[in-house]
Each structure stands twice: as C-alpha cells, then as structure tokens.
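# Chains, contacts and geometry: an overview
Read off the chains here:
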Amino acid sequence: MKIIAVYSSKGGVGKTASAVNLAYTAARTGKQVLLCDMDSQGAASFYYRIKPKKKFNRSCLLSGDFYQFIRGTDYDGLDLLPAHFSFRNLDIALKEAQKEKSRKLLADLLLPLKSEYDFIVLDCPPNLTVLSENIILAADSIVTPVVPTTLSLLALEQLLKLLKKLDCRKEKILAFFSMVERRKALHLAVMEKYGKYRIFMKSSIPYTAEIEKMGLHRRPVGSGGNQSPAAHAYDLLWQEIGQRMSEK
Amino acid sequence: MPITGREMKRPQEIHFLSDETMQTGEFLASLASSFVIEETDRRTGRKRYYDTFDWRLFRAECLFTFEEQGVELSRFNGLPVAAIPAGRREQYFWWDIRESELREKIKAIIEMRAMLPLLWLDYDRKTFRVLNKDRKTVARIVLCNEQTSAEGGQLVLPERLSLREIRGYGTVFAKLCKSCRSAGLRPVDTMHELLAQAFSVSTRKPLDYGAKFRVELPDSSTVGEAVAKICLALAETMAINHAGVCQDIDSEFLHDFRIAVRRTRSLLSLLKKELPPEQSAFFQAEFKWLGGVTGPVRDIDVYLLKREEYLAMLPAALHSGLNLFFDELDRRRKSEVKRLRRCLLSQRYQNLVDDWRHYLSAPDSALFAFRRKKRCRAVADKQIKKRFASFVRDGDTITGTSPDREMHKLRIKGKKLRYLLEFFRAFYDEAEVERFLKHMKKLQDNLGAFNDLSVQQQMLAARLSQLDGRTKRSMQIGASLGGLISVLAGKKRRVRSAFQRSYAGFSKASNRDLLIWLTADSRRGMP
Ligand SMILES: Nc1ncnc2c1ncn2[C@@H]1O[C@H](COP(=O)(O)OP(=O)(O)O)[C@@H](O)[C@H]1O
Ligand SMILES: [Mg+2]
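Residues numbered from 1 in each chain as written. Chains lettered and ligands numbered in written order. Predicted model: local features only at pLDDT ≥ 70, side-chain atom pairs only at ≥ 80, totals over all residues. Heavy atoms only, no water.

### A closer look at the overall build of chain B
The test is simple: Only runs of H or I of at least four residues qualify as helices and only runs of E of at least two qualify as strands under DSSP, and these elements are numbered from the N terminus. Residue burial is assigned from relative accessible area. The probe radius is 1.4 Å, only protein chains are included, and a residue is buried under 20% of its type maximum, exposed over 50%, and partly exposed in between. Per-residue and other accessible areas were derived by the Shrake-Rupley procedure at a 1.4 Å probe size, with only the shown protein chains allowed to occlude residues.
Within chain B, the secondary structure is distributed over 17 helices and 10 strands. Referenced to the eigenvectors of the C-alpha coordinate spread, the extents of chain B come out at roughly 80 × 70 × 65 Å. The buried share of chain B, reckoned over its 527 residues, is 50%. In the structure as shown, chain B presents an accessible area of about 26,000 Å², 53% of it carried by carbon and sulfur atoms.

### Comments concerning the interface of chain A and chain B
Here is the rule we go by: Any two residues having at least one pair of non-hydrogen atoms within 4.5 Å are treated as being in contact. Accessible area that two parts lose when put together, evaluated with a 1.4 Å probe and summed over both, is termed the buried area. Salt bridges, as used here, are contacts in which a Lys or Arg side-chain nitrogen is within 4 Å of a carboxyl oxygen on Asp or Glu. Residues adjacent in sequence count toward polar contacts only when both atoms are side-chain atoms; beyond that, a polar contact is any pair of N or O atoms within 3.5 Å, and within protein one must be able to donate a hydrogen and the other to accept it. Each residue is assigned to one class: nonpolar for Ala, Val, Leu, Ile, Met, Phe, Trp, Tyr, Cys and Pro, charged for Asp, Glu, Lys and Arg, and polar for all the others, Gly among them.
At the interface, 27 residues of chain A touch 16 residues of chain B. Summing both sides of the interface, chain A and chain B together bury roughly 1,900 Å²; the carbon and sulfur share of this comes to 43%. Where chain A touches chain B, the interface holds 5 salt bridges. In this structure, B:R167 and A:D79 form a salt bridge, with 2.5 Å as the shortest nitrogen-oxygen distance. Linking chain A with chain B are 12 residue pairs in polar contact (both at pLDDT 80 or more), by the criterion used here. It is helix α5 (residues 105-110) of chain A that provides the largest number of residues to the side of chain A that touches chain B, a total of 3 residues. Here the residues of the side of chain A that touches chain B are counted per class, giving 11 nonpolar, 4 polar and 12 charged.

### Comments concerning the state of the cysteines
In protein structure, a disulfide is the covalent linkage between the sulfur atoms of two cysteines. Operational definition: Only a pair of cysteine sulfur atoms within 2.5 Å counts as a disulfide in this structure description.
Applying the stated rule across the entire model yields 0 disulfides over all chains. You can see B:C231 has no disulfide; the closest cysteine sulfur is in B:C376, sitting 11 Å from it.

### Considerations on the side chain of B:E328
With respect to the element layout, B:E328 can be found in helix α10 (residues 319-344). Residues contacting B:E328, with those up to four places away along its chain left out, are B:R463, B:R473 and B:I477.

### A look at the nonpolar core
Side chains that are nonpolar tend, in soluble globular proteins, to be buried together. Counted only if it meets this: Throughout this description, the term nonpolar core refers to a set of buried Ala, Val, Leu, Ile, Met, Phe, Trp, Tyr and Cys residues connected via side-chain atoms within 4.5 Å.
Among the nonpolar cores identified, the biggest contains 100 residues, and B:I230, B:F287, B:L290, B:Y310, B:W356, B:F424 and B:L460 are the most heavily contacted of them. In terms of residues, this core owes the most to one element, helix α6 (residues 223-246) of chain B, which gives 11 residues. In contact with B:I230, other than residues within four places in its own chain, are B:F213, B:V215, B:L217, B:L267, B:F423 and B:F424. Core analysis: the next-biggest nonpolar cluster, separate from the first, contains 59 residues, A:A23, A:M201, A:I241 and A:M245 among them.

### Regarding the domain arrangement of chain B
All names here are of chain B. Basically, it comes down to this: Note that domain bounds follow an automatic or database assignment of domains.
Taken domain by domain, chain B consists of domain 1 (11-201), domain 2 (212-373) and domain 3 (375-527). With 38 residues of domain 2 at the contact, the number on the domain 3 side is 35 residues. Across the domain 2 to domain 3 interface the summed buried area is about 3,400 Å²; carbon plus sulfur atoms make up 61%. Our enumeration of links across domain 2 and domain 3 arrives at 8 salt bridges.

### Here we look at the site of ligand 1
Residue and element names in this part refer to chain A. Defined as follows: What makes a residue near a molecule or strand is one non-hydrogen atom of that residue sitting within 4 Å of it.
Taken together, 15 residues lie around ligand 1, and G12, K15, T16, A17 and P206 are the ones closest in. Within the backbone of P206, a nitrogen or oxygen atom sits 2.9 Å from a nitrogen atom of ligand 1. Taking 550 Å² as the accessible area of ligand 1 by itself, protein coverage stands at 80%. For the shell around ligand 1, the secondary-structure elements that each account for two or more residues are α1 (15-28) and α9 (209-212). Here the shell around ligand 1 takes 3 residues from α1, the largest share from any one element. Broken down by class, the residue content of the shell around ligand 1 amounts to 8 nonpolar, 5 polar and 2 charged.

### Details of the sheet that holds strand β1 (residues 2-6) of chain A
All names here are of chain A. We count it as follows: Being paired, for any two strands, means DSSP has found at least two bridges between them. Helix axes are fitted to C-alpha atoms over the stretch in contact, other axes to C-alpha atoms as well, and angles between N-to-C directions run from 0 to 180 degrees.
With respect to topology, 7 strands assemble into an open sheet ordered β3-β4-β2-β5-β1-β6-β7, the strand pairing being mixed. In the strand order of this sheet, the two ends are held by β3 (71-72) and β7 (173-177), each with one partner. Two strands pair when backbone bridges link them, and strand β6 (residues 141-146) and β7 are joined in this way by 5 bridges, in the parallel orientation. Note on β7: the bridge partner recorded for I142 is I173. On the sheet, α1 packs against β1, β2 (33-37), β4 (78-81), β5 (119-123), β6 and β7 and is oriented at approximately 165° with respect to β2.

### Some details on the packing of aromatic side chains
Our working rule: Classification of ring pairs uses Phe, Tyr and Trp, with its six-membered ring standing for Trp, and accepts pairs whose centres are within 6.5 Å; under 30 degrees between planes counts as stacked, over 60 as edge-to-face, and the remaining range as tilted. Lysine and arginine charges are scored as sitting over a ring when NZ or CZ, respectively, is within 6 Å of the ring centre and within 35 degrees of the ring normal.
All chains considered together, the criterion is met by 38 aromatic pairs over all chains. Ring centres of A:F56 and A:F69 lie 4.8 Å apart, and the angle between their planes is 35°; on these two criteria the pair is classed as tilted. Taken together, the positions of A:F56 in the loop between α2 (43-47) and α3 (58-63) and A:F69 in the loop between α3 and β3 put the pair 13 residues apart, joining distant regions of the chain. For the pair formed by A:F56 and A:F69, the shared burial category is buried. Plain terms: the ring middles of B:W55 and B:F199 are 5.4 Å apart, the flat faces sit at 75° to each other, and that makes the pair edge-to-face. Of this pair, B:W55 sits in the loop between β2 (36-52) and α2 (56-59) while B:F199 sits in the loop between α5 (191-198) and α6; the two residues are 144 residues apart in sequence, bridging distant segments of the chain. An aromatic cluster of at least three residues, connected via ring pairs, comprises B:F213, B:Y419, B:F423, B:F424, B:F427 and B:Y428. One cation-aromatic arrangement involves A:R71 over B:Y169; the distance from NZ or CZ to the ring centre is 4.0 Å. Taking the ring centre of B:Y123 as reference, the NZ or CZ of B:K47 above it sits at 5.7 Å.

### Regarding the pattern of salt bridges
Any two side chains of opposite charge can pair, given that their charged atoms come close. All names here are of chain B. Considering all chains together, one arrives at 55 salt bridges over all chains under this definition. Residue R135 is joined to E38 by a salt bridge in which the shortest nitrogen-to-oxygen separation is 2.2 Å. Placement of the pair is R135 in the loop between β6 (115-131) and β7 (137-150) and E38 in strand β2, with a sequence separation of 97 residues. Take E38: its relative accessible area is 26%, and that puts it in the partly exposed class. One salt bridge in this structure joins D396 and R512, with 3.2 Å as the shortest N-O distance. Of this pair, D396 sits in helix α13 (residues 376-397) while R512 sits in helix α17 (residues 509-519); the two residues are 116 residues apart in sequence, bridging distant segments of the chain. Here D396 falls in the partly exposed class, since its relative accessible area comes to 44%. On the basis of relative accessible area, R512 is assigned to the partly exposed category, the value being 24%.

### Considerations on the confidence of the model for chain B
Residue and element names in this part refer to chain B. Spelled out, the test is: Looking at any residue, its pLDDT shows the predictor's confidence there, from 0 to 100.
Looking at chain B, pLDDT values average 91 and 97% of them are 70 or higher. Confidence, read as mean pLDDT per element, is least for α17 in chain B (78) and greatest for helix α11 (residues 347-361) (98). pLDDT under 50 marks residues 1-5. Its contacts with residues more than four places away, or in other chains, come to 10 contacts. In the model, residues 522-527 has pLDDT below 50 throughout and makes 8 contacts with residues more than four positions away in sequence or in other chains. Across the whole predicted complex the pTM is 0.78, and at the interface the ipTM reaches 0.90.

As structure tokens, this is what we get:
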C-alpha cells in the first residue's frame, strides 16, 4: 500500500481536483484505492456525491474506528472516507493526543488498511499545522500542485522547510504545474525557469473548462464516457507519479 | 497507537432466482415504484469455463474463463482477481499465459495441471444502478439470462437477479434484499448451487474427482468384500486417468494412475495371507508389469517439473547447459510416451482390466470364497498396529549418522502404514485418522524429500558419467549437472538434519496413544 498526499499550504491550487481525478485514474487501472477527504470543507466528498453518515465525526477517525464510515463511490475499486465538519479542528485534537506520538498518529491510523488498498490518496486542507506534519510523515509521496506564479512557489519553499524540520527526504515531494494557462506569459516564464528542477514532474495539468465544471457534474473528468483531454492529462500525471515512486 | 484486529467488511452480493410465481424481470419493474433505478449497461457474450481435471480452481473457489480476446480469473463471490488478453486454447497451462499477476495467481492454484474446457456459457447481462436523491449509486442490480452448453446438450438457466452492495450503503442493500425475499424470489447464497445447475449438461460434475482416497466400508465387511471395494475404487481411478495418460494432457494423469497401481500392489502384499494365493500372485505380477511400464515417463516428468527450480539453483552461466539437458529429456520423453501408450492400449492391459474387474466383482470369485467369514476390521486393526510398531521401532533407532538406506527403509514402511490407514479409514473415527495422517504427513514429506534428492543425485551422476567429454555440448551439460549435484547435496544435508525434529514431533506419546486408541476394538466409542 502506498499513501499519496495531495498537499500544499496554499488554497485554490487544484489539490482537490487532482486528488479526485488521480484517485479515479488509479482505480480505473484496476487498483484498489481509498480517497480520504481530510478537508472539513468536504469538496472531494461533494464531487463523489458522498455524505458522511450521521454517527461519523473526528473522534471516530482519531480512535481508529472509522472503517464502517468508508463508502463506495460509483466506480469500481474506488472508496472514499468522507470529510466531516468536525475535521476543521483536527489539528487541535491531534495536538492533544499523546504528545510525542502526535505526529505519527495518522500513519498509525492508516496502516491497518494495508491489506485492503493499493493506494490511499489524501486530499489535504491548506494549512501548516500538526495535521500537515502528520500528513507528511504518513505519506510515501507528497504530490504538490503549483500554479505557475511566484506566490505558489512560496508554498513549495515552505513545504521544503517543513520536510527538513521533520527530517524527511525532499524526494518525497512530487511537484507539478497546475491550472496552467499557456496564453499567460507569466505561467510560461515561471515554468521555463523552474520546470527544469528535479522536484517538478514533466507532466502538468492545464486550466480547462471541463475541470472547472466538475462541481456542476459532480464526477471525475473522463467518467462521462466521452474523450477527455483533461482525463488524459491526469492519466499521464498518474503514470509519472508511479514511475517516480518506483525509482526510489 | 497501533490498531489491529479490525477487519473491513466486504460488500456482499446475493443472487436470487425466479420461480413459477415471480419472474425476476417483473419484480425489477415493480421495484421502480420505491427506488430510482437506471439501466447502465447491457452485455451479451459467450464465455468458456475451464478447470483442471481435479477441480483445483473450484476448490480454491475461483473461476477461470475465456471470453472473446482474453482470459479472466474471478472469485465465487463475484470479485474479479485479474484479466488479461489471451488467445483461445483447448487447454491452458500456467505457462501458456503471458507474464502477469494473473499468471502468478493461476500458477499457485493449478501448479503443473492443465486447465481444460468444461462448459460454454452464453449470457445476456443487464446492469442497473439504484440512486439516492443526490443521484449517487447506492446499490447495483444485475439481471442475468444464461444458457450453458456442453457435450451433454444445452440448458437455459433460470433468470437470475443479483444484488450488489456498495460499501457504506448497507441499509439500502438490506431493504432491497427484503423486497426480493418478500416477493418470493429464491436466494441462492453460493456459487456452488449455480454451478451445479450449469454442470447438469456436462458429463463432469464439480469435485467428481480428487486425490483423497476414501471408500465406505461397513464394520461387518469381510476381507474379500473390503478388498473388492477398495480395489474397485482404485481400478476406477486408473480407468478415469487412462485417457488423460494416453492423450498426454498433463503429467498428473500418469502420476495419479501410478499411485492407484502402487496402492493396489501394496494392498495385495499387505493382506497377502488373507487372500487366495494363486490369484494374488498372478495379479501382483501383472500390476508389477504395469508399474514398470509406466515408470520411465514419470521418472522424466519428475525432472521436467523441476526445470524452474533447477534453473534457480544455478548461476545464469550454467543455464544453457541445463537447458540442453532438459531438451534431451524432452526428446526422450516423447519416445517413452509412445511406448507407454502402446502398453496401455495393448491386449495385455485390456485383459488385466477385465480379469481384475471380474475377480473383484463376480459372486463366485475366489476372493469371496477364501477365508470367507473373516472380518476385515480385525485384520486392519492388527496390520495397522503391527506396521506402526515396526515403523517406530526403526524410527527410534535412527541417529544423525545412520546410513541413507535406513532412511529409505523407514520411508517405505511409513508409506505402507499410511496406505493402510487410508484404505481402512471408514472403520475408524474420521477426524482422528485425519489428525494422525496430518502428523504423519510432515514426517513423510521430510523422508520423501530426502529420497527424491538421493534419487535425483544418483540419476544426474549417472547421466554425468555417460557424457562424452569431448564435445562442447557435453562439456556444457556436464558443468551444469556438476553444479546441480553439489547444490542438491547441500539440500540433502539440510533435509537430513531436519529429520530428527520431524520424527520427534511425529513419534511423541500422544500420537502413539492415538493410534492404539484408534485400533483398539474394545475401547472404541470412548471420547
Ligand atoms: N486544472 C483546472 N482547470 C480549471 N479549473 C480548475 C483546475 N483545477 C482546479 N480548478 C478549479 O479551481 C478551484 C479550486 O480548485 P481545488 O481543486 O478545489 O483547489 P484546492 O483543493 O487546492 O483548494 C475549483 O473551483 C476547481 O474547479
Ligand atoms: Mg481542496
């Protein structure tokens, strides 16, 4: 089982769009996949039309008693652990958990799912807290969307610093350019300048109407049955993630 | 805080069949008043279902099917295991499937056996989804019309409705199940029942052949009656495997055939004093002949089956020599199979089969007249006790330095004891016999491995000494065989040193008591 966190400290960069579509792509290649919606906003759950059960909340998650709240999506091999409103205080709760172990809690919670899933994809909220530390320690790889603007690059720098603090190898980070608009000179310039660093994968995700409209259709791109350039871009990204992960 | 022991529940699938009063299709239409149901997919096609002769896939609760351009392995519970493109074949060995996860899974299940086609299945399958108010799929319904065909004809199976749970939506699933039940649809909980129906058009029936030997014997059986029953069962095993041996489908037909011959010979010799001497001597000689003529091909098979294992023992540089050796064996096998086939289709063989059957079943057969009143149970008790005592007497004296031949002798004695317990298991408590045989198996495996390694070493050494050392080819073969012999010698030492532990495990007091208890007539029935 591999844990892949889609993470950035910045919001609105395409984390949820990527997590939702990468998880779908992975399941379509025959893998057993669990998408965990860690963001209390519940956008990933919304895209898959899944609501949490009434009894579900943060303490179920933290006690490890959450398997019964995992739900199947409309797609074979893809399950989802929905977000709950109470997740917004997840980091406070994590801090209150046993002090020295609080950073490894998430990894311990997910470990028993090893026999069930080939991949766990985490859709993460944008922050820099104990939760982020948990996510970084639990993940085998951290997939980071970077909109090719200078501000987004700052978030990447922050992430690198955090990894250093946690004593993690920086190769854990797999960055890619997200919401790319080829018409924009700034995008092209940033990609030209930074794309050559090893931290960036070759594949990128363009800004497309299809992805933008996911909130309307409430399903991953390409699942409607028609040819989808966006789905193709996610396929390529997923392949490259697989390659990078096997190189390590 | 490591969390263990929490298992995830797998989503269920339940099948329902139509009966006279309610058709599944009509029922589905009626569901539309309480659920939002949408057809998502309709598929028609033709599948061919395969299994090994001894039902290895069925036993593993798996199905192997060919359809259009590929093969698929799935589980009885409906979960697919793996599928890959492949051409249609009349039989598949694991090596006929291209390198993949599917191939590895199949290999672990079927080993050296061939998968043979058993049935055709024509299907028309419609999939529906049940939606909640967010238009999220919360359950699936599959409506399936099927027809099977095989050499015995065709059969339209009753229409089937399957409910598939989606994880986390158990409530809807339970509601749907309840509706099906109250509408009078009949649930079938296992694939076994569906397959049993499908196989009604085939001459084969699931699990109609297996390696476990068991014959029902009433406690009052006389020696003649018991021997007749056991030997008829063994003769049946030979008959069943005869065609597979002659067509050379896979190596296991011959293997099972030979085991039946060996068991027959063993029984005749173990009960020699209780059987008509003249007839016994005649059949002993004929079965010895049969054992002899079937030997050479099996001896070669043993090596061919080890091809992978041997290659893995040697560095790549020695592989070409070993492959030459195997090619040579392959060629020799072809001519040996021809010879074997001639023997099995000969008049001598046919006469043996006919005479043997007559001897075992004719009411006026000498078998039933000789010592006509003697109860078999008493003979079995005595024989088993005697063989066990002799086995442990020998086993107890074996030390780390005992010569190899002591090990071989012990193996033969063990085999005889095991055969006795298997022939006569019906006289004893089934669970206890199984338990004893299981303990014994570990030890026999050790002795068997030791013997195999000795025989292999000898055979390879003999081949090595025959090689003409001048050609490049024989130098290559020679180097590989030399390498193999030394690896095998190391293995043999390890197996030998594991013997003491296996033996101690087997010969412990509780097993001795178990056997005495089993065969003690007066104490039977005690807990
Ligand atoms: N490649 C893209 N093309 C067009 N719109 C996108 C793309 N990626 C994300 N969006 C849109 O941008 C918004 C923010 O994306 P989202 O994935 O929710 O970001 P995050 O999870 O990082 O906050 C959403 O409305 C989403 O539909
Ligand atoms: Mg998000």
